[in-house]
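Remarks on the overall topology
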Amino acid sequence: MNDSGFMQQALFEAERAKELGEVPVGAIVTYRGEIIGRGCNQPILRHDPSAHAEMMAIRQAARHVGNYRLPECELFVTLEPCIMCAGAILHSRISRVVYAAKDPKTGAAGSVINPFADCRLNHQTQLLDGVMAEESSNLLKAFFRERRQAEKDRKRTVV
């Protein structure tokens, strides 16, 4: 499977997050072309601020290999990782991150900050952005548009 095929799998996870009422972000971790971890955003459902899609997929992958280090693994995620997820990615030694849409508010792979580019850190992770960015961006935009409309509708019924 190529990068787009793996990103499609991450988009399936993003759809799952949407079905749960969460911001639609999905992630998968691969090892030598095999998916070993899947995750979707679940911080609201789990009452856990660290339950981002990347964290969920990394946790599952680490359990799969029986190690917290994932040096030959790749992460595919539908939205640019935040600083928390960037830290987990670096600590787990993931070799490459492929993400779809940029996050101009909290992105930690170049949009706001980029710890991946800091050569003082003891691990370097390759980054590739833009794979299926339009599909991911459209999913996020539709989700927030629907949320705003639901809030407007709720306010109308209260008045």
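Located above this text is the structure these notes cover.
None of these values were measured; they are calculated from a predicted model.

1. What to know about the sheet that holds strand S3 (residues 73-79)
- Taken together, five strands build an open sheet; the order of strands is S2-S1-S3-S4-S5 and the sheet is mixed. Every other strand in the sheet has two partners, leaving strand S2 (34-40) and strand S5 (126-129) as the edge strands with one partner each. Sheet twist, expressed as the average angle between the axes of neighbouring strands with direction ignored, equals 15°.
- Relative to S5, strand S4 (residues 96-101) runs parallel, the two sharing four bridges. By the bridge assignment for S5, Val 97 is matched with Leu 127.
- The strands touched by helix H3 (residues 53-65) are strand S1 (26-31), S2 and S3; relative to S2, the strand with the most contacts, the crossing angle is about 140°.

2. What to know about the pairing of S3
- In terms of burial, S3 is a largely internal element, six of the seven residues being buried.
- Direction of pairing for S1 relative to S3: antiparallel, over a ladder of five bridges. Bridge pairing in S3 links Thr 30 to Glu 74.
- Judged from the five bridges that link them, S3 and S4 form a sheet pairing that is parallel. Bridging across to S4, Glu 74 finds its partner in Arg 96.
- A crossover connection joins S3 to the parallel S4 through helix H4 (residues 83-92); in handedness this β-α-β unit is right-handed.

3. Thoughts on the nonpolar core
- The biggest cluster of nonpolar side chains holds 28 residues, and the ones touching the most others in it are Val 29, Ile 58, Leu 75, Ile 89, Ile 94 and Val 97.
- The residues contacting Leu 75, other than those within four sequence positions of it, are Ala 27, Ile 28, Val 29, Glu 54, Ile 89, Ile 94, Arg 96, Val 97 and Val 98.
- Counting 12 residues, the second largest nonpolar core, distinct from the first, contains Leu 11, Ala 14, Val 131 and Met 132.

4. Quick look at the layout of surface pockets
- Reported here for the largest pocket is a volume of approximately 450 Å³.
- Around the largest pocket, the lining is made up of 19 residues, and of these Val 23, Val 25, Leu 79, Asp 103 and Thr 106 lie nearest the centre.
- Partitioning the lining of the largest pocket into residue classes produces nine nonpolar, four polar and six charged.

5. Here's the deal with helix H1 (residues 3-19)
- Compared with the 24 Å implied by 1.5 Å per residue over 17 residues, the 25 Å span of H1 between its first and last C-alpha is a close match.
- The set of residues buried in H1 consists of Gly 5, Phe 6, Met 7, Gln 9, Ala 10, Leu 11, Glu 13, Ala 14 and Ala 17.
- Downstream of H1 by one or two residues, Gly 21 has phi in the positive range, about 85°.

6. Some thoughts on the pattern of salt bridges
- Within the structure shown, the criterion is met by eight salt bridges.
- Residues Lys 18 and Glu 146 are paired through a salt bridge, measuring 3.9 Å at the closest nitrogen-oxygen approach. Placement of the pair is Lys 18 in helix H1 and Glu 146 in helix H5 (residues 133-158), with a sequence separation of 128 residues.
- For Glu 72, the salt bridge identified is with Arg 32, shortest N-O distance 3.0 Å.

Reading the values: rules and limits
Residues numbered from 1 in each chain as written. Predicted model: local features only at pLDDT ≥ 70, side-chain atom pairs only at ≥ 80, totals over all residues. Heavy atoms only, no water. Pairing = 2+ DSSP bridges. Helix = DSSP H or I, 4+ residues; strand = E, 2+ residues; numbered from the N terminus. Axes fitted to C-alpha atoms, helices over the stretch in contact; angles between N-to-C directions. Contact = heavy atoms within 4.5 Å. Buried < 20%, exposed > 50% of the residue type's maximum accessible area, 1.4 Å probe, protein only. Right-handed = clockwise from strand over helix to strand, strands pointing away. Core = buried A, V, L, I, M, F, W, Y, C linked by side-chain atoms within 4.5 Å. 1 Å grid on protein atoms, 1.4 Å probe; cavity = no way out; pocket = protein on both sides within 12 Å on 5 of 7 lines; lining within 4 Å. Points joined across faces, edges and corners; volume = space filled by probe spheres on them. Nonpolar A, V, L, I, M, F, W, Y, C, P; charged D, E, K, R; others polar. Expected span 1.5 Å × (residues − 1). Salt bridge = Lys/Arg side-chain N within 4 Å of Asp/Glu carboxyl O.

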